[in-house]
Amino acid sequence: MSADAAKRAAGRRAAELVSDGMTVGLGTGTTVAHTIIALGERALDITCVATSHATEQLATQVGLRLVAPDEVESLDIAVDGADEVDSELNLTKGGGGALMREKIVASLTERFVVVADDSKLVGRLGDFGTPIELMPFAPRTVARAIERLGAREVLLREGPSDNGNLLADARFGTIEDPAALSAALDAVPGLAGHGIFLGSMVERVLVDGPGGARTITAASRS
Ligand code: 5RP
């Protein structure tokens, strides 16, 4: 099974968790795009919140009804992809640059479902790098603060985020304690958001790959 086929299988499996009347958070990326397309095909009566301009565009194309996040108090479910998933279901996210909106939307639900091909499963976070969103006011100052937390380098990406901020990737190497690093990054002035999502946010991870379909929860993780 190719990575693309695995993404499609995992993404479409998540759409089966959605039923009429639900409010649904829609993540960003090539895996959750399959969820969005499958939701459109099912023509359910659902109300969705998108995590990026790209997802807004796709959801609109397939006929899903979108509202702004402030129009809902909570979401019945949110589905999103990930760049890394560790054995405690901690995630690296933000490869597609949507990390801040993704974290806000994930915080609106008790059922945050992650979809991934099995290449995303890692022992420890870190190889991918840690996506960062930072205020354009003083990017070098923010980058230096991130380096003081242990990043070997902080590489700025081209172009703005959907929020008009800057995006960067911080290289920490293997992250031994994602919760501690997440808290330290949260405390950096001018750092608007980062791509470490703690496992406590995640209800389940739907993974597909050559080994077949798996559902990983906090209870079932190996
Ligand atoms: C975007 C993300 C994506 O969910 C993550 O990059 C995974 O993307 P893909 O499903 O295309 O592999 O966090 O900001």
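The coordinates are above.
This one's a predicted model, so the numbers in the text were calculated from it and none came from an experiment. (Residues numbered from 1 in each chain as written. Predicted model: local features only at pLDDT ≥ 70, side-chain atom pairs only at ≥ 80, totals over all residues. Heavy atoms only, no water.)

*Asks:* Describe the pairing of strand β13 (residues 202–208), listing the residues and the values that go with them.
*Replies:* Buried residues dominate β13, accounting for five of its seven residues. Bridge count for strand β7 (residues 112–117) against β13 is six bridges, and the pairing is parallel. In the sheet register, Val 115 faces β13, and the bridge partner there is Leu 206. Connecting β13 to the antiparallel partner strand β14 (residues 214–216) that follows it, the hairpin turn spans five residues, and Gly 212 within it adopts a positive phi of roughly 100°. (Buried < 20%, exposed > 50% of the residue type's maximum accessible area, 1.4 Å probe, protein only. Helix = DSSP H or I, 4+ residues; strand = E, 2+ residues; numbered from the N terminus. Pairing = 2+ DSSP bridges.)

*Asks:* Before we move on, can you summarise the sheet that holds strand β6 (residues 91–92) with the specific residues and values?
*Replies:* Strands belonging to one sheet form pairs held by backbone hydrogen bonds; the direction of such a pair is parallel or antiparallel. Pairing is antiparallel across the open sheet formed by three strands, whose spatial order is β5-β6-β12. One side of each edge strand has no neighbouring strand; the edge strands of this open sheet are β5 (84–85) and β12 (196–197). Taken together, the two bridges between β6 and β12 define a ladder with antiparallel strand orientation. The residue bridging Thr 92 from the neighbouring strand is Ile 196, located in β12.

*Asks:* Give a detailed account of helix α3 (residues 53–61), specifying residues and quantitative values.
*Replies:* Residues three or four positions apart in an α-helix share a direction because the helix packs 3.6 residues into each turn. Listing the buried residues of α3 in full gives Thr 55, Leu 58 and Ala 59. Down the axis, α3 shows its buried residues gathered within 100° of arc, on one side only. With respect to the buried face of α3, the exposed residues turned more than 90 degrees away are Gln 57, Thr 60 and Gln 61. Note on α3: the residue one or two positions beyond its end, Gly 63, has a positive phi of about 90°. (Arc of directions from axis to C-beta.)

*Asks:* Account for the pairing of strand β4 (residues 77–80), with residues named and values stated.
*Replies:* What you see with β4 is no split at all: Ile 77 and Val 79 on one side and Ala 78 and Asp 80 on the other are buried throughout. With three bridges joining them, strand β1 (residues 23–26) and β4 adopt parallel strand pairing. If you follow Val 24 over to β4, its bridge partner there is Ile 77. Taken together, the three bridges between β4 and β7 define a ladder with parallel strand orientation. Following the sheet pairing, Val 79 is matched in β7 by Val 113.

*Asks:* Before we move on, can you summarise the sheet that holds strand β3 (residues 65–66) with the specific residues and values?
*Replies:* The seven strands lie next to each other as β3-β2-β1-β4-β7-β13-β14, forming an open sheet whose pairing is mixed. Edge positions in the sheet fall to β3 and β14, since each of these pairs with one other strand and no more.

*Asks:* Describe the environment of Gly 209, listing the residues and the values that go with them.
*Replies:* On the secondary structure map, Gly 209 appears in the loop between β13 and β14. C-alpha separation for the pair Gly 209 and Asp 118, spaced 91 residues apart in sequence, amounts to 5.3 Å. Ignoring anything within four residues of it in the chain, the contact list for Gly 209 reads Met 1, Ala 6 and Asp 118. (Contact = heavy atoms within 4.5 Å.)

*Asks:* Now, about the side chain of Lys 93: what can you tell me, with residues and values included?
*Replies:* Within the element layout of this structure, Lys 93 appears in the loop between β6 and α4 (99–106). Those residues in contact with Lys 93, other than ones at most four positions away along the chain, are Asp 80, Gly 81, Ala 82, Asp 83, Leu 99, Glu 102, Phe 112, Pro 131, Gly 195 and Phe 197.

*Asks:* An account of the environment of Val 142 is needed here, citing residue identities and associated values.
*Replies:* Tracing the sequence through the fold places Val 142 in helix α5 (residues 139–148). Between the C-alpha atoms of Val 142 and Leu 191, which are 49 residues apart in sequence, the distance is 6.4 Å. Not counting chain neighbours up to four residues away, the residues in contact with Val 142 comprise Leu 134, Val 188, Pro 189, Gly 190 and Leu 191.

*Asks:* Account for the site of the ligand, with residues named and values stated.
*Replies:* Not every one of the 17 residues close to the ligand is listed here, only the nearest: Thr 30, Thr 31, Asp 83, Gly 94 and Lys 120. Look at the ligand: alone it shows 380 Å² of surface, and the protein chains cover 92% of it. Residue composition of the shell around the ligand, by class: two nonpolar, nine polar and six charged. (Near = heavy atom within 4 Å. Areas by Shrake-Rupley, 256 points an atom, 1.4 Å probe, with all protein chains shown as cover. Nonpolar A, V, L, I, M, F, W, Y, C, P; charged D, E, K, R; others polar.)

*Asks:* Any details on the pattern of salt bridges? Residues and values, ideally.
*Replies:* Taken as a whole and judged by the stated rule, the model has 10 salt bridges. A salt bridge links Lys 120 to Asp 117, with the nearest nitrogen and oxygen atoms 3.9 Å apart. Across this residue pair, the class does not change: Lys 120 and Asp 117 are buried. Residues participating in the shared-partner salt-bridge network are Asp 80, Lys 93 and Glu 102. (Salt bridge = Lys/Arg side-chain N within 4 Å of Asp/Glu carboxyl O.)

*Asks:* For the nonpolar core, give the residues involved together with the corresponding values.
*Replies:* Ranked by size, the top nonpolar core spans 23 residues in total, and within it Val 18, Val 24, Leu 26, Leu 39, Ile 46 and Leu 64 carry the most contacts. Element by element, the count of residues in this core is highest for helix α2 (residues 32–42), at five residues. Residues within four places of Leu 64 in sequence aside, it is in contact with Leu 26, Ile 36, Leu 39, Gly 40, Ile 46, Cys 48 and Ala 59. (Core = buried A, V, L, I, M, F, W, Y, C linked by side-chain atoms within 4.5 Å.)

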